Amino acid sequence: MLILERKFETDFAFNIWYKRKIMDIKDKLREKQLPVHVAIIMDGNGRWAKQKGNMRIFGHKNGVKAVREVVEAAGEIGIKYLTLYAFSTENWTRPKSEVDALMTLLVTTINTEVDELIKNNVRLKQIGDLKSLPDSVQKKLQEAILRTSHCKGLTLVLALSYSGRSEITNAVAQMVTDAKSGKIAAEDISESLVSSYLYTSEIPDPDLLIRTSGEYRISNFLLWQLAYSEMYFTGTLWPDFRKKDLFEAVLDYQQRERRFGKTGDQISS
Ligand code: IPE
Ligand code: IPE
Ligand code: MG
């Protein structure tokens, strides 16, 4: 009983501290300098589970809570686009049991979350090779995308079976086809035309890229779109990532000077 009471007291005290901490950070955020698009490489699920003596899938399951938190947090502060790297093309090379478990988790998560997305005015999109996903995942995703298509708040983009190099390769192939059929001419080829052939044609480039788990690499994510994104790396493993962590990343972003090749003086004048 005493142990339970102590736990209650510490949980209660933690909750108060945590809520205050979130309010403090939120107060510091400047509305005018919010990133329009935040992209996240959600990494570290396997290591999180291993640290706890569990199977890797336990980490993936616990990563869903972090997804829920960042979606809510992004909506709360008015971020317009949130892209989550959930499964890369390279991830298909993982053991079949892990891939199957991840696909099943995707279907159950979409099932349980879609009503909440609609309630929070979140529009769902997918980028990546949809056709390579199992039929059950394709069906659930397309259903959820349709059901949330009227939502006007946050756009949540799931990168699933995604590869930045394939995206660019497919865009080049499509441009060649369109050039051959006379739809475009060589003189039309520009950066904005290339952008329009990517999965992200209707989405602005990310302002901020976050990667969790202490890895410092891009892992084939949004190679074209990240050209001028600010990078934020944290050692936190994805299943431990909470609203506070997102707000801290945004606060860090707001303290940077984005120069886009210009000098600091040019930017400040
Ligand atoms: C990220 O966590 C989730 C996916 C890539 C699907 P990992 O599964 O890569 O976890 P670590 O990096 O092995 O800890
Ligand atoms: C990147 O994580 C892909 C996702 C988060 C979905 P990985 O864990 O697959 O990346 P690498 O292979 O360690 O770079
Ligand atoms: Mg990883």
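Structure: see above.
The structure presented is a predicted model; accordingly, all values stated were derived computationally and were not measured. (Residues numbered from 1 in each chain as written. Chains lettered and ligands numbered in written order. Predicted model: local features only at pLDDT ≥ 70, side-chain atom pairs only at ≥ 80, totals over all residues. Heavy atoms only, no water.)

Visitor: Would you mind going over the packing of aromatic side chains with me for this structure?
Guide: The relation between two aromatic rings is expressed through the spacing of the ring centres and the mutual angle of the planes. This model, assessed by the stated rule, comprises 11 aromatic pairs. When the centroid spacing of 5.9 Å and the interplanar angle of 90 degrees are considered together, the rings of Tyr162 and Phe221 count as edge-to-face. With Tyr162 in strand β4 (residues 155-162) and Phe221 in the loop between β5 (208-211) and β6 (230-233), this residue pair connects regions lying 59 residues apart in the sequence. Judged by relative accessible area, which is 0%, Tyr162 ranks as buried. Among the aromatic residues, ring-to-ring pairing joins Tyr85, Tyr162, Tyr199 and Phe221 into one connected group. Here the basic side chain of Lys52 rests over the ring of Trp48, its NZ or CZ set 4.4 Å away from the ring centre. (Phe/Tyr/Trp six-rings, centres within 6.5 Å; stacked < 30°, edge-to-face > 60°. Helix = DSSP H or I, 4+ residues; strand = E, 2+ residues; numbered from the N terminus. Buried < 20%, exposed > 50% of the residue type's maximum accessible area, 1.4 Å probe, protein only. Lys NZ or Arg CZ within 6 Å of the ring centre and 35° of its normal.)

Visitor: Would you mind showing me how to read the nonpolar core here?
Guide: Nonpolar side chains in soluble globular proteins tend to be buried together. Membership of the largest hydrophobic core comes to 48 residues, with the highest contact counts inside it found for Ile40, Leu82, Leu141, Ile210 and Leu246. Sort the elements by how many residues they give to this core and helix α4 (residues 96-119) lands first, with eight residues. Once residues lying within four places of it in the same chain are set aside, the contact partners of Ile210 are Val38, Ala39, Ile40, Ile41, Tyr232, Phe241, Leu246 and Ala249. The next biggest cluster of nonpolar side chains, apart from the first, holds 13 residues, and it includes Ala39, Tyr85, Ile203 and Leu209. (Core = buried A, V, L, I, M, F, W, Y, C linked by side-chain atoms within 4.5 Å. Contact = heavy atoms within 4.5 Å.)

Visitor: Would you mind going over the sheet that holds β4 with me for this structure?
Guide: Two strands in a sheet stick together by hydrogen bonds in their backbones, pointing the same way (parallel) or opposite ways (antiparallel). The parallel open sheet is built from six strands, whose spatial order is β3-β4-β2-β1-β5-β6. Each edge of the open sheet is held by one strand with a lone partner, namely β3 (123-127) and β6. Strand-to-strand twist across the sheet, computed as the mean angle between neighbouring axes with direction ignored, equals 20 degrees. When strand β1 (residues 37-41) meets strand β2 (residues 81-88), the two strands line up parallel, connected through five bridges. Counterpart to His37 in the pairing with β2 is Tyr81. Sitting on the sheet, helix α5 (residues 135-147) touches β3 and β4, and the angle it makes with β3 is about 140 degrees. Running over the sheet, helix α8 (residues 243-254) touches β1, β5 and β6 and is turned about 135 degrees from β5. (Pairing = 2+ DSSP bridges. Axes fitted to C-alpha atoms, helices over the stretch in contact; angles between N-to-C directions.)

Visitor: For this particular structure, what's the right way to read helix α1 (residues 2-28)?
Guide: Spacing of three or four residues puts side chains on the same side of an α-helix, whose turn is 3.6 residues. The end-to-end C-alpha separation of α1 is 39 Å, in line with the 39 Å expected for 27 residues at 1.5 Å each. For α1, the set of buried residues is Tyr18, Ile22 and Ile25. (Expected span 1.5 Å × (residues − 1).)

Visitor: What am I meant to see in the site of ligand 2 here?
Guide: Near ligand 2, the surroundings consist of Ile41, Met42, Asp43, Tyr85, Ala86, Phe87, Ser88, Asn91, Arg94, Arg211, Arg217 and Ser219. Contact between ligand 2 and Arg94: an oxygen atom at 3.3 Å from a side-chain N or O atom of the residue. Between ligand 2 and Arg217, the relevant distance is 2.6 Å, taken from an oxygen atom to a side-chain nitrogen or oxygen of the residue. Out of a free accessible area of 390 Å², ligand 2 has 79% covered by protein chains. (Near = heavy atom within 4 Å. Polar contact = N/O pair within 3.5 Å; in protein donor to acceptor, adjacent residues only side chain to side chain. Areas by Shrake-Rupley, 256 points an atom, 1.4 Å probe, with all protein chains shown as cover.)

Visitor: Would you mind showing me how to read the site of ligand 1 here?
Guide: All residues adjacent to ligand 1 are Met42, Asp43, Gly44, Asn45, Gly46, Arg47, Arg56, His60, Ala86, Asn91, Arg94 and Leu102. The separation between an oxygen atom of ligand 1 and a polar side-chain atom of Arg56 is 2.8 Å. A distance of 2.7 Å separates an oxygen atom of ligand 1 from a polar side-chain atom of Arg94. Surface burial for ligand 1 is 87%, taken as the share of its 380 Å² of free accessible area covered by protein chains. Those elements that place two or more of their residues in the shell around ligand 1 are α2 (45-51) and α3 (56-77). Top contributing element to the shell around ligand 1 by residue count: α2, with three residues. Its residues assigned to classes, the shell around ligand 1 comprises three nonpolar, five polar and four charged. (Nonpolar A, V, L, I, M, F, W, Y, C, P; charged D, E, K, R; others polar.)

Interpretation note: all reported values are geometric properties and have no functional meaning in isolation.
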